[in-house]
Amino acid sequence: MSRTLVSFDIDGTLECGQPPGVVSIALIKTAQQLGYLVGSCSDRPLAYQEALWRALGIAVDFTVLKHRLGELKARFAAGAYYHVGDAEADARYASDAGFSFLKADAAAHAAWAAELFGASS
């Protein structure tokens, strides 16, 4: 079975972002339990991203700056690549890197969370 890689923006996307977003930390844990490769792709420095995941007690597979999202394809072989974010910049970086973009707003989130993760959180 091929793996799925899911990259999450932080601010405006994750519930712990600034501002908070619609994606719960429970959803990240569900993705990991499903065997997905999970991490963050943000404008935030790598040290900030790593500290955030440590504070949440989550061992992610990667942290990357947004403009380097495409490098994940060289690092990780996967059958599907997704980037979850709230802004047009997220959509652009995802498209440029060959990732499917998942919008982190309430309406879109309900659909893709159920489809990808079997969850509504």
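Refer to the structure above for everything that follows.
In this convention, every chain numbers its residues from 1, walking through the sequence in written order. With pLDDT at 70 or above as the cut-off, local features in this predicted model cover only qualifying residues; side-chain atom pairs require 80 or more to be listed or tallied, and sums for whole chains, interfaces and linings still use all residues. Hydrogens are left out, water is left out, and the side-chain values use all remaining heavy atoms of the structure.

**Observations concerning the overall build of the protein chain**
(1) Moving on: Numbered from the N terminus, helices here are DSSP runs of H or I no shorter than four residues, and strands are runs of E no shorter than two. The secondary structure content of the protein chain amounts to 5 helices and 5 strands.
(2) Moving on: Across the protein chain, helices and strands are ordered from the amino to the carboxyl terminus as β-α-β-α-β-α-β-α-β-α.
(3) Moving on: C-alpha atoms define the radius of gyration in this analysis, and the globule rule sets the expected value at 2.2 Å times the number of residues to the power 0.38. Rg of the C-alpha trace for the protein chain: 13 Å, near the compact-globule value of 14 Å for 121 residues, within the 12% margin.
(4) Moving on: Counting only C-alpha atoms, the protein chain reaches 35 × 30 × 30 Å along its principal axes.
(5) Moving on: Here's how the labels work: a residue is buried when its accessible area is under 20% of the maximum for its type, exposed when over 50%, partly exposed in between, all with a 1.4 Å probe on protein chains only. Looking at the protein chain residue by residue over its 121 residues, the buried ones come to 45%.
(6) Moving on: Contacts in the protein chain between residues at least 24 apart in sequence constitute 57% of all its contacts with a sequence separation of at least 6.
(7) Moving on: Here Asp and Glu are counted as negative and Lys and Arg as positive; His is not counted, and neither are the chain ends. Where a charge lies is defined by one atom per residue type, namely NZ (Lys), CZ (Arg), CG (Asp) and CD (Glu). Taken together, the 10 basic and 13 acidic charged side chains of the protein chain have centroids lying 6 Å from each other. Any two residues whose heavy atoms approach within 4.5 Å at even a single point are treated as in contact.

**As for the state of the cysteines**
(1) Moving on: Two cysteine sulfur atoms make up a disulfide if the distance between them is within 2.5 Å. Throughout the structure, instances matching the rule amount to 0 disulfides.
(2) Moving on: Here Cys-16 stays free of any disulfide, with the sulfur of Cys-41 as its closest cysteine sulfur at 15 Å.
(3) Moving on: Since its relative accessible area comes to 27%, Cys-16 is described here as partly exposed.

These results come straight from atomic positions and should not be treated as a statement about function.
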